[in-house]
Amino acid sequence: MSKWTLYLKAISLFFAVQGLMWAFIGSFDPVGIYDSLMAQALFHQPELPAQATKVFRFILAPFGATTAGYFVLQYFIAANAFAKQEKWAYNAILYAFFLWFITDTTLSFYHQAYFNIWMANIPALLLTAPVFLGTRKYFQ
């Protein structure tokens with residue numbers, strides 16, 4: 001179980017740092033691939049319009065800060081209650097993740113922003129699912 005706790009703490013810190021980067025850089029990725037794909041999907045242009053870029057950079061500040069805050073909280077849940085095999089900790093992390101995953105994926109499909117599913121949702125699922133699958137037996 002300790003390897004899973006360590007892994008969950010590590011990905012929690014990774015996502016917290018990533019959230020801070022979004023807040024301060026104003027982009028999901030520093031090379032602009034995400035921005036370019038978003039421009040193509042939502043505006044049918046190779047680049048975001050200037051006004052959209054301004055709004056996007058602003059909205060990433062509170063979104064990135066919220067993401068960082070959530071994952072710091074998840075880190076402390078992992079380090080304490082999850083490590084002690086308290087079922088509520090497993091359920092809290094599982095339900096929060098899948099609430100985000102289902103909502104984000106559904107709305108990405110709705111807005112035809114398929115790039116978001118491939119660039120954000122699938123990688124997050126691949127990083128997080130092993131925790132749920134590998135630790136389930138400890139929380140029965």
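Note that the structure is a prediction, hence the values are computed from the model and not measured. (Residues numbered from 1 in each chain as written. Predicted model: local features only at pLDDT ≥ 70, side-chain atom pairs only at ≥ 80, totals over all residues. Heavy atoms only, no water.)

A. Highlighting the overall build of the chain. Summing up its helical and strand segments, the chain has 5 helices and 0 strands in all. Start at the N end of the chain and walk to the C end: the helices and strands fall as α-α-α-α-α. Seen along its three principal axes, the alpha-carbon backbone of the chain occupies a region of about 50 × 25 × 20 Å. Across the 140 residues in the chain, those meeting the buried criterion constitute 38%. Looking at the chain alone, contacts between residues at least 24 apart form 69% of all its contacts between residues at least 6 apart. Accessible surface for the chain amounts to roughly 8500 Å². Of this, 71% is attributable to carbon and sulfur atoms. Separation between the mean location of the 8 positive side-chain charges and that of the 5 negative ones in the chain comes to 17 Å. (Helix = DSSP H or I, 4+ residues; strand = E, 2+ residues; numbered from the N terminus. Buried < 20%, exposed > 50% of the residue type's maximum accessible area, 1.4 Å probe, protein only. Contact = heavy atoms within 4.5 Å. Areas by Shrake-Rupley, 256 points an atom, 1.4 Å probe, with all protein chains shown as cover. Lys, Arg positive; Asp, Glu negative; His and termini not counted. Charge placed at Lys NZ, Arg CZ, Asp CG, Glu CD.)

B. Quick peek at unusual backbone geometry. Residues other than glycine seldom take positive phi values, yet H44 does so here, at roughly 55°. Looking at the secondary structure, you find H44 in the loop between α2 (33-43) and α3 (50-82). For H44, a relative accessible area of 69% puts it in the exposed group. Of note in this structure, Q85 is not a glycine but carries a positive phi near 60°. Topologically, Q85 is positioned in the loop between α3 and α4 (87-110).

C. Expanded view of the environment of W22. By secondary structure assignment, the location of W22 is in helix α1 (residues 2-25). Ignoring anything within four residues of it in the chain, the contact list for W22 reads S27, F28, L60, F63, G64 and T67.

D. Summary view of the packing of α3 against α4. Two elements in contact, α3 and α4, have axes whose closest approach is 9 Å; the angle formed by their N-to-C orientations is 155°. Put simply, α3 runs roughly antiparallel to α4. Note that α3 runs across α4; the crossing there is left-handed. On α4, the residues that touch Y70, Q74, I77, A81 and F82 of α3 are W88, A89, Y90, I93 and A96. (Axes fitted to C-alpha atoms, helices over the stretch in contact; angles between N-to-C directions. Parallel < 35°, antiparallel > 145°, perpendicular 65-115°, else oblique. Left-handed = near helix turned anticlockwise from the far one by under 90°.)

E. Geometry of a nonpolar patch on the surface. Together, V31, I33, L37, F109, Y114, W118 and M119 make up a nonpolar patch on the protein surface, roughly 740 Å² of accessible area in all. Elements supplying a minimum of two residues to the nonpolar patch: α2 and α5 (114-135). At 3 residues, α5 tops the list of elements feeding residues into the nonpolar patch. Mapped onto the secondary structure, Y114 falls in helix α5. (Patch = residues over 30% accessible without salt bridge, like charges linked within 9 Å, V, L, I, M, F, W, Y side chains within 5 Å. Salt bridge = Lys/Arg side-chain N within 4 Å of Asp/Glu carboxyl O.)

F. Layout of α1. Between its first and last C-alpha, α1 extends 34 Å over 24 residues, near the 34 Å set by a 1.5 Å rise per residue. For α1, every residue scored as buried is listed here: W4, T5, L8, I11, S12, F15, A16, G19, W22 and A23. Tucked inside the fold, the buried residues of α1 contact α3, α4 and α5. The positive-phi residue at the C-terminal boundary of α1 is G26, with phi of around 80°. (Expected span 1.5 Å × (residues − 1).)

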